[in-house]
Amino acid sequence: MKVFLAGGRGRVGSPLADNLEAKGIEVVPGGLEDGIDVFSGRGLAEALVGVDAIVNVLNTPRFDAEGAIAFFEGAVENLTAAGERAGVRLHVVLSIVGVGEGDASEIGYYLGKVAQEKAVRAGSIPATIIRSTQFQSYIPVLADQHTVDGKVRAPRVFIQPVELEEVVELLAEAVTTLEPGSVVEIAGPERFYLDDLFRATLAERGDEREVVTVGGQEMPGAMVPRGMYRAGTVRYPIAGIPLA
Ligand SMILES: NC(=O)c1ccc[n+]([C@@H]2O[C@H](COP(=O)([O-])OP(=O)(O)OC[C@H]3O[C@@H](n4cnc5c(N)ncnc54)[C@H](OP(=O)(O)O)[C@@H]3O)[C@@H](O)[C@H]2O)c1
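Quick notes on the rules
Residues numbered from 1 in each chain as written. Predicted model: local features only at pLDDT ≥ 70, side-chain atom pairs only at ≥ 80, totals over all residues. Heavy atoms only, no water. Phe/Tyr/Trp six-rings, centres within 6.5 Å; stacked < 30°, edge-to-face > 60°. Helix = DSSP H or I, 4+ residues; strand = E, 2+ residues; numbered from the N terminus. Buried < 20%, exposed > 50% of the residue type's maximum accessible area, 1.4 Å probe, protein only. Lys NZ or Arg CZ within 6 Å of the ring centre and 35° of its normal. Near = heavy atom within 4 Å. Polar contact = N/O pair within 3.5 Å; in protein donor to acceptor, adjacent residues only side chain to side chain. Areas by Shrake-Rupley, 256 points an atom, 1.4 Å probe, with all protein chains shown as cover. Nonpolar A, V, L, I, M, F, W, Y, C, P; charged D, E, K, R; others polar. Pairing = 2+ DSSP bridges. Right-handed = clockwise from strand over helix to strand, strands pointing away. Core = buried A, V, L, I, M, F, W, Y, C linked by side-chain atoms within 4.5 Å. Contact = heavy atoms within 4.5 Å.

- The protein appears in an unreviewed UniProt entry as Secreted protein from Streptomyces griseoaurantiacus M045.

Put into structure tokens, the structure is as follows:
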């Protein structure tokens, strides 16, 4: 089996490539570093020759709606068109839990993920969507994204971070065993409040930034699954954080 891994050298793509290769699957990494631009389509036709499945773990630094939608939708459309010509039989996309629901429908980056999901569903290649909560290793980055004037501003909303390797294993299953067309959500085994999680994480790292609990709409309640989901088993690496 041969997989084209769009974003194959990123935070998710890199361990996923290792996981798939350990299962005997040939991986073609598809990133800018590999000379492939999924957004413009450059290099796609050649890279997809003989490929059975596309796995899309692309990302963009564009957090505004216009930029995020253009990137995520455009990439899926290019992958679908080139994939169809190459006879690809499966398109797996990594999305985020809760996008498009409630307050999360207001966030530009999340609108990009909604557009990505819609595009892959509308495409001609059978599509599997994996929706994950935030990765445990991503929490410090999330704290940076919430920093304004040196203070971390966090609403008291739920978050259920998952260990990245457990998401990687589910993505590998999406390639090997899940029924094409499946939508599967995954979250960590514990639910916290975001402000508590930030405080504990920064303290553990010796980061002296103050975490200010804020009200209002700064952050959507999108970080926990709503219905059935696969619960990861790996606990957050800091003990003693109150559960929500
Ligand atoms: N972070 C989280 O907690 C979390 C949770 C749930 C879901 N997700 C989703 O996981 C996905 C992957 O995130 P990540 O953190 O692994 O991203 P990342 O580390 O930023 O990696 C993104 C990859 O996309 C590639 N890329 C960007 N533009 C490209 C283009 N035009 N053509 C080809 N490749 C391009 C990059 O290639 P180069 O390295 O060559 O530039 C890079 O390998 C995202 O869609 C995100 O929404 C993340």
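From this point on, the discussion continues.
1. Comments concerning the packing of aromatic side chains
Stage number 1. Following the criterion strictly, the structure yields seven aromatic pairs and no others.
Stage number 2. Taking the centre distance of 5.8 Å and the plane angle of 35° together, the rings of Phe39 and Phe71 count as tilted. One end of the pair, Phe39, is in the loop between strand 2 (26-30) and helix 2 (44-47); the other, Phe71, is in helix 3 (residues 65-86), with 32 residues separating them in the sequence.
Stage number 3. Aromatic side chains Phe71 and Phe72 sit 5.4 Å apart centroid to centroid with 75° between the ring planes, which places their arrangement in the edge-to-face category. Accessibility assignment for this pair places Phe71 and Phe72 in one class, buried.
Stage number 4. Grouping aromatic residues by their ring pairs yields a cluster made of Phe39, Phe63, Phe71, Phe72, Tyr109 and Tyr110.
Stage number 5. The ring centre of Phe158 lies 5.4 Å from the NZ or CZ of Arg191, which sits over that ring.

2. Concerning the site of the ligand
Stage number 1. In the vicinity of the ligand, 28 residues are found, and the nearest of them are Arg11, Asp37, Leu58, Tyr109 and Lys113.
Stage number 2. One of the side-chain nitrogen or oxygen atoms of Arg11 is found 2.5 Å away from an oxygen atom of the ligand.
Stage number 3. Between the ligand and Tyr109 there is a distance of 2.6 Å, counted from an oxygen atom to a side-chain nitrogen or oxygen.
Stage number 4. Look at the ligand: alone it shows 930 Å² of surface, and the protein chains cover 85% of it.
Stage number 5. Put simply, the parts of the chain that give the shell around the ligand at least two residues each are helix 3, strand 4 (90-96) and helix 4 (108-122).
Stage number 6. Counting residues per element, the shell around the ligand draws most heavily on strand 4, at three residues.
Stage number 7. Across the shell around the ligand, the residue classes tally to 14 nonpolar, nine polar and five charged.

3. Quick notes on the environment of Pro237
Stage number 1. With respect to the helices and strands, Pro237 occurs in the segment after strand 12 (230-231).
Stage number 2. On the basis of relative accessibility, which here comes to 67%, the residue Pro237 falls in the exposed class.
Stage number 3. Pro237 sits 107 residues away from Ile130 along the chain, and the two C-alpha atoms are 24 Å apart.

4. Points about the pairing of strand 3 (residues 53-56)
Stage number 1. Of the two faces of strand 3, the one lined by Ala53 and Val55 and the one lined by Ile54 and Asn56 are each fully buried.
Stage number 2. Two elements, strand 1 (residues 2-6) and strand 3, share four bridges in a ladder whose sense is parallel. Residue pairing across strands places Val3 opposite Ala53, the latter belonging to strand 3.
Stage number 3. Relative to strand 4, strand 3 runs parallel, the two sharing four bridges. Each bridged residue has a counterpart across the sheet, and for Asn56 the counterpart in strand 4 is Val93.
Stage number 4. On the question of chirality, the crossover connecting strand 3 to the parallel strand 4 by way of helix 3 is right-handed.

5. Comments concerning the nonpolar core
One recurring pattern in soluble globular proteins is that nonpolar side chains are buried together.
Stage number 1. By size, the foremost hydrophobic cluster in this structure holds 46 residues, and its most contacted members are Ile130, Leu171 and Phe198.
Stage number 2. If near-sequence neighbours (up to four positions away) are discounted, Ile130 is found in contact with Val92, Val93, Leu94, Ser95, Leu170, Leu171, Ala174, Leu178, Val184 and Ile186.
Stage number 3. Counting residues in each nonpolar core, the second largest holds 24 residues, with Val38, Leu48, Ile54 and Ile125 among its members.

6. Some points on helix 1 (residues 13-22)
Quick reminder: α-helices carry 3.6 residues per turn. Residues three or four places apart thus point the same way.
Stage number 1. Of all the residues in helix 1, the buried ones are Gly13, Pro15, Leu16, Ala17, Asn19 and Leu20.
Stage number 2. Considering only its buried residues, helix 1 is in contact with strand 1, strand 2, strand 3 and helix 6 (164-176).
Stage number 3. Where helix 1 terminates, the next one or two residues include Gly24, which has phi positive at roughly 85°.

7. Comments concerning the sheet that holds strand 7 (residues 151-155)
Stage number 1. Strand order across the open sheet formed by three strands is 6-7-11, with mixed pairing between neighbours. The open sheet is flanked by strand 6 (147-148) and strand 11 (211-214), the only strands paired with a single partner.
Stage number 2. Pairing analysis gives two bridges linking strand 6 to strand 7, with the strands arranged antiparallel. Directly across from Thr147, in strand 7, lies its bridge partner Val152.

8. A look at the side chain of Ser182
Stage number 1. Turning to its location among the elements, Ser182 is positioned in the loop between helix 6 and strand 9 (183-187).
Stage number 2. Residue Ser182 is classed as buried on the basis of its relative accessible area, which comes to 18%.
Stage number 3. When residues no more than four places from it in sequence are discounted, the contact partners of Ser182 are Ala127, Thr128 and Ile129.

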